[in-house]
Amino acid sequence: MKLIQKVFDKLQKVPSFVWVLTVFGSVLFATMYSFSNSLNEFFLLLNDAIESGELQLQGTIDTETFKWTAFFVNGLVGLGLFELIVNLIYRSMAMRMQVKRDQRRFMTVTRVYYTLANIVVGLIHLIDFAVPVFYYYAALALQFAVYSGAYLAMYVTLKDTTINPLYAASAFRNLARFYLILFGVLGVFDLILALTDASVGLHYRIAAGLRIAVVAGYAVASYFLYRKWKTDENNARTQFVDTARMRVSPDSPPDDEIFRGYGF
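Analysis parameters
Residues numbered from 1 in each chain as written. Predicted model: local features only at pLDDT ≥ 70, side-chain atom pairs only at ≥ 80, totals over all residues. Heavy atoms only, no water. Helix = DSSP H or I, 4+ residues; strand = E, 2+ residues; numbered from the N terminus. Polar contact = N/O pair within 3.5 Å; in protein donor to acceptor, adjacent residues only side chain to side chain. Contact = heavy atoms within 4.5 Å. Core = buried A, V, L, I, M, F, W, Y, C linked by side-chain atoms within 4.5 Å. Buried < 20%, exposed > 50% of the residue type's maximum accessible area, 1.4 Å probe, protein only. Axes fitted to C-alpha atoms, helices over the stretch in contact; angles between N-to-C directions. Parallel < 35°, antiparallel > 145°, perpendicular 65-115°, else oblique. Nonpolar A, V, L, I, M, F, W, Y, C, P; charged D, E, K, R; others polar. Expected span 1.5 Å × (residues − 1). Bend = angle between axes of the 7 residues up to and from the residue. Phe/Tyr/Trp six-rings, centres within 6.5 Å; stacked < 30°, edge-to-face > 60°. Patch = residues over 30% accessible without salt bridge, like charges linked within 9 Å, V, L, I, M, F, W, Y side chains within 5 Å. Areas by Shrake-Rupley, 256 points an atom, 1.4 Å probe, with all protein chains shown as cover. Salt bridge = Lys/Arg side-chain N within 4 Å of Asp/Glu carboxyl O. Lys, Arg positive; Asp, Glu negative; His and termini not counted. Charge placed at Lys NZ, Arg CZ, Asp CG, Glu CD. UniProt positions renumbered as here; feature names shortened; annotations may be inferred.

With respect to the side chain of N164
Part 1 of the argument: One can find N164 in the loop between α5 (134-159) and α6 (168-196).
Part 2 of the argument: At a separation of 2.8 Å, a polar atom in the side chain of N164 contacts the main-chain carbonyl oxygen of M97.
Part 3 of the argument: Ignoring sequence-local partners within four residues, the contact set of N164 consists of M97, Q98 and V99.

Notes on the nonpolar core
Part 1 of the argument: In this structure, M93, V99, F106, Y151, Y155, I163 and F172 are the most contacted members of the largest nonpolar core, which totals 47 residues.
Part 2 of the argument: Going through the elements one at a time, α2 (16-51), α3 (63-95), α4 (103-130), α5, α6 and α7 (202-248) are the ones with two or more residues in this core.
Part 3 of the argument: With ten residues, α5 is the single largest residue contributor to this core.
Part 4 of the argument: Apart from residues no more than four positions distant in its own chain, I163 is found in contact with M93, Q98, V99, K100, Y155, L158 and A168.
Part 5 of the argument: Of all hydrophobic cores here, the second largest spans seven residues; its members include Y137, V200, A207 and A208.

Focus on the packing of α5 against α6
Part 1 of the argument: Two elements in contact, α5 and α6, have axes separated by 12 Å at closest approach and are oriented at 175°. Our classification of the angle between α5 and α6 gives roughly antiparallel. Contacts between α5 and α6 pair L140, F144, Y147, S148, Y151, L152, Y155 and K159 from the former with A168, A171, F172, L175, A176, Y179, F183 and D190 from the latter.
Part 2 of the argument: Per-class residue counts for the contact of α5 with α6 are 13 nonpolar, one polar and two charged.

Let's talk about α5
Residue pairs spaced three or four apart in an α-helix point in one direction, given the helix's 3.6 residues per turn.
Part 1 of the argument: With 26 residues, α5 extends 36 Å between its outermost C-alpha atoms, agreeing within 8% with the 38 Å of an ideal straight helix rising 1.5 Å per residue.
Part 2 of the argument: The sharpest bend along α5 comes to roughly 40°, located at L142.

Comments concerning the packing of aromatic side chains
The description of an aromatic ring pair rests on the distance of the ring centres and on the angle between the ring planes.
Part 1 of the argument: Per the stated rule, a full pass over the model turns up 19 aromatic pairs.
Part 2 of the argument: Judged by centre distance (5.3 Å) and plane angle (15°), the rings of Y151 and Y179 are stacked. You can see Y151 sitting in helix α5 and its partner Y179 sitting in helix α6, a full 28 residues away along the chain. In terms of burial, Y151 and Y179 fall into one category: buried.
Part 3 of the argument: On the numbers, 5.4 Å between centres and 35° between planes, the contact of Y155 with W229 is tilted. Placement of the pair is Y155 in helix α5 and W229 in helix α7, with a sequence separation of 74 residues.
Part 4 of the argument: Chaining the aromatic ring pairs together yields one cluster made of F144, Y151, Y155, F172, Y179, F183, Y218 and W229.

Looking at a positive patch on the surface
Part 1 of the argument: A contiguous patch of positive charge on the surface is contributed by K2, K6, K10 and K13.
Part 2 of the argument: By the secondary structure assignment, K6 is in helix α1 (residues 2-11).

A few points about a nonpolar patch on the surface
Part 1 of the argument: A cluster of nonpolar side chains, namely M32, L116, I119, L123, L126 and F129, defines an oily patch on the protein surface of about 520 Å² accessible area.
Part 2 of the argument: A per-element tally of the nonpolar patch places α4 first, with five residues.
Part 3 of the argument: Relative to the helices and strands, L123 resides in helix α4.
Part 4 of the argument: Its relative accessible area of 47% is what places L123 among the partly exposed residues.

Focus on the UniProt feature "transmembrane region" (unreviewed entry) in the chain
Part 1 of the argument: Per the UniProt annotation, the sites labelled "transmembrane region" (unreviewed entry) are residues 16-35, 68-90, 111-127, 133-158, 178-196 and 202-226.
Part 2 of the argument: The span residues 68-90 shows a helical share of 100% and a strand share of 0%, and its end C-alpha atoms are spaced 33 Å apart.
Part 3 of the argument: Its end C-alpha atoms 25 Å apart, residues 111-127 is made of 100% helix and 0% strand.

Some thoughts on unusual backbone geometry
Part 1 of the argument: For M97, which is not glycine, the phi dihedral falls at a positive 60°.
Part 2 of the argument: Secondary-structure assignment places M97 in the loop between α3 and α4.
Part 3 of the argument: Here M97 falls in the exposed class, since its relative accessible area comes to 53%.

Here is the structure:
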């Protein structure tokens, strides 16, 4: 862990705009395959609508220009959402005194792990080019597992340097709860869709089930980490209270001596 902290000591000296550009590039790489498929499906539907007379366009569409522009905008949207959410999380934690006033460290660690997760997800999606049915497993199960692992690694890295030890477990519980509720609901929705929609293939159903299993595994891991860090949090609070008492009155005389002059 000390080695990792030393690495981030150096990484946080890199200008923030470099990490922002890195996140942007990783978002493009991670969404390259799925976004390309979505655009191709969009143009197929558009062509069918034009040929059937349901839609009429004035002029022509430069398909390649449109694709690259949409791809670039997609990356900007992904980057914007990431930066917005992370900044809101930091500010919320800072207001609750759950983090130290070190936003640069917080943002650097978060950006680095998110970038690494995007790269891994992008590499996983490269398999889809050779095995198209693998897309369902990558999009529903593996992708969530990668981002969950990156989130846990991020919190472990921040815990020793940026997270307030008095709230180490409480802050993790709140973030994990939000994460689980969000992706748990999405996972259940996908599973219900897979089981009720007759047009959904077998691979989608299996992948949706695997995603629920990954969510459950993440919940179990989060629970044990919370229990472990709760002990550390309680010890830190006890030490804080003891230290505060010593600072207030390290050499205070006994109560009977204090009130003796008042006739008690």
